[in-house]
Amino acid sequence: MSDYLEPPRRYRQNEVPQERKVVKHSGTKLNKLDVFTLGGMDIPFFAITIALLTIGLVMLFSASYPYALQNEGSSYYFFSRQLVFAVAGVVVMLAVSKINYKLLKVIIKPLMAFTILLLLVVLVYHTDNGDFKRWIPIGPLTLQPSDIAKFTVIVVMADYVSKNFKKMKKPVHGIVIPVAILAVFCGLIYLEHHLSCTILVFCIGATIMFCGGSDWRLFALGVGVMAAVVVVVVLNPEVLMNYAGDRIKAWLDKGFDPRGLRWQTNNSLYAIGSGGFFGTGLGNSKQKYLYVSEPQNDFIFAIVCEELGFIGAAAILALFAALFIRGIQIAMRTNDKFGALVVIGIVAQVAIQTIFNIMVVTDTIPNTGISLPFFSYGGTAILMLLFEMGVVLSISRKSNQKKV
């Protein structure tokens, strides 16, 4: 691969390429003409993203207005704020899609340092939300560093693997070093009392390692060790922080404090069961009337199932699956290993997070407090998610796919 950042450009016949001015920065040769990328973005991926975002906004309003009226004094409280971030996110997505994604290589070290700094700051300066240390207050808004950490881990791991691709079969380069990188981020996120995001970040990193060529035998051994740890923790939940241990106890014992820690999960199951095959109709959920606590966030999919039924929920899951499949196709058509791994990391994040959220809502795993992409309320989350979609679209331009 050339040391120069070549733009994904096709010159017309008899067209003479302009002379390039090269700027050296942090060991990367960057052409000034390569800041913006040319070519058509992947329209199907863009359309699926907009479809999920639109449906998510509709369902957010439907699920949240009783809770918003009761607790915030306005039925539109969550919807209006989410709409602002969604519109801003779409603008950011379209802008990022025109920027050469290889510029990410230039800012990897500053991005990593900035993310770690935020993860440290939130431990000492955060909103008053019990034992949870997840949000940094910034005026009337809040910033969740873990949402930024997800993207940072993707970029850092993709850069490491692409640079050490031929060494990934070796234990040190293929397992020890990347796991050490993940341990830094996962450790800081765990200190926030954010176990679900800790697991998610580790899974994203592990996915990039596996796709990057880590020895499958060592990888399988690591997965086995992790599975053994999970079994030990489930059998001995007291080894975890109080909130996490109590949630595991509530998950194992279905009759455990049904009006306490199982209140939200039980009502989630009632909502799903009430929806049946065709649903009660958009806006007709009963469980959102202060039975499912904070229905605008982690348990919004339960309200989706109640109002849209099995058919509607299956259609939404099909859209998530289509987004993942199209993302993998973009990655496979990208000749640059770094770009391909970034796409794999981003779509893996959406897929894993979606699976975990649905497993929580259906009581398949303990309540981990993980949000549903495009649907759950969260300004930082939706803004970062759409930013990541913009990165995928930028890489899709480089893969020279035909416009659809």
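See above for the structure.
Just so you know, these numbers come straight off a predicted model, no measurement behind them.

Undergrad: Outline the layout of surface pockets, listing residues and values.
TA: Unfilled space is identified by rolling a water-sized probe across the atoms. The calculated volume of the second largest pocket comes to roughly 1200 Å³. Lining of the second largest pocket is provided by 37 residues; of these, Ile 199, Phe 202, Cys 203, Met 226 and Val 230 occupy positions nearest its centre. Broken down by element, the lining of the second largest pocket gets its largest block of residues, ten residues, from helix α7 (residues 216-235).

Undergrad: Go over the side chain of Asp 336, please, and point to the residues and values.
TA: Position of Asp 336 relative to the elements: it lies in the loop between α10 (300-332) and α11 (337-361). Despite its burial, Asp 336 pairs with no opposite charge; the closest candidate is Lys 105, at 4.4 Å N-O.

Undergrad: Describe the packing of aromatic side chains, naming the residues involved and giving the relevant values.
TA: All chains considered together, the criterion is met by 13 aromatic pairs. Pairing Tyr 101 with Phe 338 gives two aromatic rings, centres 6.4 Å apart and planes at 15°, and the pair type is stacked. Note that Tyr 101 is positioned in the loop between α2 (77-97) and α3 (108-124) and Phe 338 in helix α11, a separation of 237 residues in sequence. Here Tyr 101 and Phe 338 have matching classes, each one buried. Seen from their ring centres, Phe 320 and Phe 375 are 6.1 Å apart, and the 35° between their planes marks the pair as tilted. Taken together, the positions of Phe 320 in helix α10 and Phe 375 in the loop between α11 and α12 (379-398) put the pair 55 residues apart, joining distant regions of the chain. Looking at Phe 320, the relative accessible area reads 7%, which means it is buried. Among the residues examined, Phe 375 registers a relative accessible area of 1% and is labelled buried. One aromatic cluster is present, formed by Phe 61, Tyr 65, Tyr 76 and Phe 79 through successive ring pairs. The lysine or arginine in question, Lys 337, covers the ring of Phe 165, its NZ or CZ lying 4.8 Å from the ring centre.

Undergrad: Tell me about the environment of Leu 290, and name the residues and values.
TA: Looking at where Leu 290 falls in the secondary structure, it is placed in the loop between α9 (263-275) and α10. For Leu 290, a relative accessible area of 43% corresponds to the partly exposed category. Remark: the alpha-carbon pair of Leu 290 and Ser 64, spanning 226 residues in sequence, is separated by 9.7 Å.

Undergrad: Explain a nonpolar patch on the surface residue by residue, including any values.
TA: On the surface, a nonpolar cluster with roughly 470 Å² of combined accessible area is contributed by Phe 277, Phe 278, Phe 310 and Ile 311. Inspection of the secondary structure puts Ile 311 in helix α10.

Undergrad: I'd like a rundown of empty space enclosed by the protein, residues and numbers included.
TA: In total, this model carries one cavity of 30 Å³ or more according to the counting rule given. Here the largest cavity is characterised by a volume of approximately 80 Å³. In terms of lining residues, the largest cavity is bounded by Arg 247, Ala 250, Trp 251, Leu 261, Arg 262, Thr 265, Val 360, Asp 363, Ile 365, Pro 366 and Asn 367. A per-element tally of the lining of the largest cavity places helix α8 (residues 242-252) first, with three residues. Looking at the lining of the largest cavity, its residues break down into six nonpolar, two polar and three charged.

Undergrad: Any details on the packing of helix α1 (residues 43-72) against α2? Residues and values, ideally.
TA: One can describe the packing of α1 onto α2 by two numbers: an axis separation of 7 Å at closest approach and a directional angle of 160°. The orientation of α1 relative to α2 falls into the category roughly antiparallel. Between α1 and α2 the crossing geometry is right-handed. Touching Phe 46, Thr 49, Ile 50, Leu 53, Leu 57, Leu 60, Phe 61, Ser 64, Tyr 67, Ala 68 and Glu 72 of α1 are Tyr 77, Phe 78, Phe 79, Gln 82, Leu 83, Ala 86, Val 90, Met 93 and Leu 94, all from α2. Across the contact of α1 with α2, the residue classes break down as 16 nonpolar, three polar and one charged.

Undergrad: An account of the pattern of salt bridges is needed here, citing residue identities and associated values.
TA: Scanning the model with the defined rule gives four salt bridges in all. With a shortest N-O distance of 2.7 Å, Asp 42 and Arg 326 are connected by a salt bridge. Of this pair, Asp 42 sits in the loop between β2 (28-31) and α1 while Arg 326 sits in helix α10, and the two are 284 residues apart along the sequence. Overall, the relative accessible area of 2% leaves Asp 42 in the buried class. Using a relative accessible area of 15% as the deciding quantity, one classes Arg 326 as buried. For the salt bridge of Glu 307 with Lys 288, the shortest nitrogen-to-oxygen distance reads 2.9 Å.

What counts and how
Residues numbered from 1 in each chain as written. Predicted model: local features only at pLDDT ≥ 70, side-chain atom pairs only at ≥ 80, totals over all residues. Heavy atoms only, no water. 1 Å grid on protein atoms, 1.4 Å probe; cavity = no way out; pocket = protein on both sides within 12 Å on 5 of 7 lines; lining within 4 Å. Points joined across faces, edges and corners; volume = space filled by probe spheres on them. Helix = DSSP H or I, 4+ residues; strand = E, 2+ residues; numbered from the N terminus. Buried < 20%, exposed > 50% of the residue type's maximum accessible area, 1.4 Å probe, protein only. Lys, Arg positive; Asp, Glu negative; His and termini not counted. Salt bridge = Lys/Arg side-chain N within 4 Å of Asp/Glu carboxyl O. Phe/Tyr/Trp six-rings, centres within 6.5 Å; stacked < 30°, edge-to-face > 60°. Lys NZ or Arg CZ within 6 Å of the ring centre and 35° of its normal. Patch = residues over 30% accessible without salt bridge, like charges linked within 9 Å, V, L, I, M, F, W, Y side chains within 5 Å. Areas by Shrake-Rupley, 256 points an atom, 1.4 Å probe, with all protein chains shown as cover. Nonpolar A, V, L, I, M, F, W, Y, C, P; charged D, E, K, R; others polar. Axes fitted to C-alpha atoms, helices over the stretch in contact; angles between N-to-C directions. Parallel < 35°, antiparallel > 145°, perpendicular 65-115°, else oblique. Left-handed = near helix turned anticlockwise from the far one by under 90°. Contact = heavy atoms within 4.5 Å.

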